[in-house]
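A closer look at the structure
So the chains spell out like this:
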Amino acid sequence: MEDPVIRIPPYHYIHVLDLNSNVTRVEVGPHSYIRQDHERVVFSPKRMVIVPPRHYCVVLNPVARGPTGAVLFDGAGQAQLRHADLDVRLTQEPFPLYPGEELQQGVTPLQVVLADTALRLRALLDFEDEDGNKFVAGDEWLFEGPGTYIPHKEVEVVETLQATVIRHNQAIRLRARKECLDRQGTRRVTGEEWLVKRVGAYLPGVYEEVVDVVDAYVLTDKKALHLRATRTFEDAQGHVRRTGEEWLVTQEQSEAYVPDVFEEVVAEVLVTTLGPRQYCVVLDPVGPNGQPQLGQKRVIKGEKSFFLQPGERLQAGIEDVYVLSEDEGLLLQALQTIKDTDEDGTEVIRRAGDRWLARGPLEYVPPAEVTVLERRRALALAENEGIYVRDIRTGKVRVVTGQTYMLTEAEELWEKELPQGVETLLAEARGDTAGQDLGIQSSSGPSFGVQERDRTRAVTYQVPHNAAVQVYDYRERRARVVLGPELVVLGPGEQLTVLSLSGGRPKRPHARRSLCLRLGPDFCADIVTIETADHARLQLQLAYNWHFEVPEDPKALGRLFSVPDFVGDACKALASRVRGAVAAVTFDDFHKNSNRLICSAVFGFDESGRLREHLRFVPNGLVVTSVDIQSVEPVDQRTRDALQRSVQLAIEIATNSQEAAARSPVPCVTLGCPPCVLVAICLLLPLCMPCVAIFPPLLFHFLSPYDLFIPRCPLCPLCPQMSSISHTSPNFLYISHLLKCSLYSQVSPNILSIPLVHRCPCPTSPSIFYVSHATKCPLYLPCFQMSSISSVPPNFIPHTLHPNVPHIFSITCILLCPSIPKAFPVSPVCSQCL
């Protein structure tokens, strides 16, 4: 049960609710309160609100007080409240909160406003302060420090303002938020901006706001400020500046300049300094009235330093004065009529468009009315050097050589164009004058990495010794021939004749190009394909010695170039003669008399029937003195290989026959004739086995009738199998059947004939195999070839023993018999065994 006695300490209070009247009252300590039965204590003792010095609090719904400060109560004893009102209470005795009162803002220190600081206040209600100043709701004013701000219920603090410090060469830019008077007493309209340049702390007014802090531009003797007006105004010097007007501020006007609010900084302009030998041309210069003179020019000579005014610009920057030596000059042109002095000091009038040449030595600064077209220098030309000069008035072009020459005002250098092929050949001539094949300087394509020729220089070409060059003048329509060694200098309308010659083996047209014609003596080689009367196609490689007959009359020298491709023309003519002569003879006749046949075809015979010593081509004077047959080869590859093997085989037969005769003096019983006879036969007729059947049977009586040879060699015209065998068979194998030998069946019925497997010994066969002994037969010991061979020789390839006769070896090996010439295959069984 709750204690009815409530002890209230000092500076405490409680709220007691009377349940009968429903009225709450305040009981303040110190005392002991005895609660009645119809009363209820709302809360336990609570400390009173204590506001210390320099503090305040805000009470919501404060009690109403009388003039004496006493609290007013209604008839029921309830304290009267000012609902929705506020009461700012400063330092006072501790006080309780009556029923209905609320502490909206606790005890808070008073706000101290420092120096250069202000509070922007706004009135919430209409009121009159202690000083009698009346304020309407919405009014704003500043509470500037130093001081302590006492809050009022009718006023709110909007913000705290800090003063802006303005340093030297600085200013602050202010803007008016509404119409007002600034601190200097000047009326400002809403949105207006102005500058405050006074050094120190500046606290903006209640309707002023700081836009920016503007730094001043420090101007020196080398830097100026280019300004533009954003609107019409009057500057600090009292000049009225119109919108868009531009001007320049230099150090003479202000060392540190702060642009006004209506001034826009376009750029910082650096000083333009001219040396003693420099000048510049200023376009659109500013006149005395300060306005640019559009389209005008002004020449400023050094030494001088100046700033370009707004709108001015340099034509070509800072230029050096033209210092001309004795061999230099300036080509000038007048832009308008001016008065000038010539080289003699006489005054002359230059009209617009006139051109003249100012020659050195002198220092020249062109006036604004004169333009410099070109700086010219005298060209020192040797005797073999020149330039092309064109007169701009008449258009004529001439060559100047062998002197120091400077172009006049009516002359200019002319570029001579040459075909690309001639340019390439000239570039090669400057690097390498040695020719290839026929001694002809040539080129088959454009040359890369070659330094480009100066087209204004006269084209020169060094004609080599014993050579000729043709130069054609397209203006005069005449040609001239220059014999070397000589230097050719081309005129403006002259061109070098390019020779397009045949080259290679066989000759191909347009294979080589050359500027000069070598006169010889020299040689050229060609490959000619011929066909004999018996349709044997051969390929000849011929070499011709030639030279040109140079006429003594200079006017007749043009015939040397009458044939554009003298190499191809000569080779075609000679090849035609050779083919016609060879087509009338057989291969055998051509093989025996090839040199005489070709020389007679090329040179022909004179009236007395003797072979001529040379062949002369009348149109161009080319003389062929000799013909050399370097090689003769069949066109068909198989025929060429067969001929080559035939020659090698003949040499091999002779060598091996001599070796065999030296090792064995016994006559060769295999063939029934001495080795010398056999060698002679082999050298004369290296034929295949079917072909040798036409010889006496005593030489080949050992051939087994069961041996069948196919096919035959097509080169042997006497072979009886000629009619049934094609000429195109590349290989000819002799194949024998594996049959019993009828001649030797009584000796051993199981002896088989030896298969003859070998190549044809004719030249068309790539290789030859020979069959020799393969066994040692003990029944035929008298065989002198068997006496030195063991039962199993080390160079024999063992196969198997004969199944019926164990001591007789079956045929297992193929080897050479040293006693028999290699040109013929041997018999299946040697003659001793027979």
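Criteria and thresholds
- Along each chain, residue indices are assigned from 1 in the same order as the chain's sequence is written.
- Local features in a predicted model are, by the rule used here, given only for residues with pLDDT of at least 70; side-chain atom pairs are given and counted only at 80 or more, and totals for whole chains, interfaces and linings are based on all residues.
- For side-chain calculations, the full set of non-hydrogen atoms in the structure is used, while hydrogens and water are omitted.
- Two strands form a pair only when DSSP identifies at least two bridges running between them.
- Strands are runs of DSSP state E lasting at least two residues, helices are runs of H or I lasting at least four, and both sets are numbered from the N terminus onward.
- To define axes, lines are fitted to C-alpha atoms, for helices over the stretch in contact only, and angles between the resulting N-to-C directions are given on a 0 to 180 degree scale.
- Burial classes follow relative accessibility: with a 1.4 Å probe on protein chains only, a residue under 20% of its type's maximum area counts as buried, one over 50% as exposed, and anything between as partly exposed.
- For this analysis, a nonpolar core means a set of buried residues of the types Ala, Val, Leu, Ile, Met, Phe, Trp, Tyr and Cys, connected via side-chain atoms within 4.5 Å.
- The contact definition used throughout considers only heavy atoms, calling two residues in contact when any of these lie within 4.5 Å.
- For Phe, Tyr and Trp, rings pair up if their centres lie within 6.5 Å, where Trp contributes its six-membered ring, and each pair is then called stacked (planes under 30 degrees apart), edge-to-face (over 60) or tilted (otherwise).
- Each residue gets a pLDDT score, which is the predictor's confidence in that residue and runs from 0 to 100.
- Every case where a carboxyl oxygen of Asp or Glu lies within 4 Å of a side-chain nitrogen of Lys or Arg is listed as a salt bridge.
- Identification of polar contacts relies on pairs of N or O atoms within 3.5 Å, with a donor-acceptor requirement for protein atoms, meaning one able to donate a hydrogen and the other able to accept it, and with residues adjacent in sequence counted only if both atoms are side-chain atoms.

1. Notes on the sheet that holds strand β43 (residues 370–377)
Strand order in this open sheet of three strands is β41-β38-β43, and the pairing throughout is antiparallel. Both edges of this open sheet fall to β41 (355–359) and β43, since each of them pairs with a single strand only. Adjacent strand axes in the sheet meet at a mean angle of 25°, parallel and antiparallel pairs treated alike. When strand β38 (residues 328–334) meets β41, the two strands line up antiparallel, connected through five bridges. From the neighbouring strand, L331 faces β41, where its bridge partner is L357.

2. With respect to the environment of T424
Tracing the backbone through its elements, the reader meets T424 in helix α1 (residues 420–431). We classify T424 as buried; its relative accessible area is 4%. A sequence separation of 28 residues divides T424 from E452, and the C-alpha atoms of the two residues are 9.9 Å apart.

3. Concerning the nonpolar core
Counting residues in each nonpolar core, the largest one holds 41 residues, and the members touching the most others are Y544, F566 and F590. Secondary structure elements with two or more residues in this core: β54 (499–503), β57 (522–531), β58 (537–548), α2 (566–582), α4 (594–603), β59 (615–617) and β60 (622–634). Discounting chain neighbours no more than four positions away, the residues touching F590 are I530, T532, L538, L540, V582, V585, L597, I598 and V632.

4. Structural notes on the packing of aromatic side chains
Within this structure, the stated rule accounts for eleven aromatic pairs. Plain terms: the ring middles of Y13 and F43 are 5.9 Å apart, the flat faces sit at 90° to each other, and that makes the pair edge-to-face. Of this pair, Y13 sits in strand β2 (residues 12–18) while F43 is found in the loop between β5 (39–41) and β6 (46–47), placing the two residues 30 residues apart along the sequence. Exposure remark for Y13: the relative accessible area of 3% places this residue in the buried category. Taken together, a centroid distance of 5.4 Å and an interplanar angle of 70° make the contact between W546 and F566 edge-to-face. Taken together, the residues W546 in strand β58 and F566 in helix α2 connect sequence positions 20 residues apart. According to the relative accessible area criterion, F566 is buried, its value standing at 4%.

5. Remarks on the confidence of the model for the chain
For the chain, per-residue confidence averages 78 on the pLDDT scale, and 77% of positions sit at 70 or higher. pLDDT under 50 marks residues 432–449. Its contacts with residues more than four places away, or in other chains, come to 41 contacts. Confidence over residues 666–834 falls short of pLDDT 50; this stretch has 258 contacts with residues more than four positions distant or in other chains.

6. Observations concerning the sheet that holds strand β30 (residues 263–270)
Taken in spatial order, the three strands line up as β28-β25-β30 in an open sheet, and their pairing is antiparallel. Two strands close off the open sheet at either side, each with one partner strand: β28 (246–249) and β30. Strand-to-strand twist across the sheet, computed as the mean angle between neighbouring axes with direction ignored, equals 30°. In this sheet, β30 lies alongside strand β25 (residues 223–229) in antiparallel orientation, the contact comprising seven bridges. Its bridge partner being in β30, R228 is matched across the sheet by E264.

7. A closer look at the pattern of salt bridges
A side chain of one charge can pair with a side chain of the opposite charge if their charged atoms are brought near each other. In the structure shown here, the tally under the stated rule is 40 salt bridges. Between R177 and E140 there is a salt bridge, and its shortest N-O distance comes to 3.3 Å. Of the two residues, R177 sits in the loop between β18 (170–176) and β19 (180–181) while E140 sits in strand β14 (residues 140–144), which places them 37 residues apart along the sequence. Take R177: its relative accessible area is 34%, and that puts it in the partly exposed class. What makes E140 buried here is its relative accessible area of 14%. One network of salt bridges, in which partners are shared, links R120, R122, E140, E156, E159 and R177.

8. Notes on the side chain of D235
In this fold, D235 is placed in the loop between β26 (233–234) and β27 (240–241). Of the polar contacts made by the side chain of D235, one reaches the backbone nitrogen of H239; its length is 2.6 Å. Within polar-contact distance, the side chain of D235 engages the side chain of R241 at 3.2 Å. What D235 contacts, discounting residues up to four positions off in sequence, is R241 and E263.

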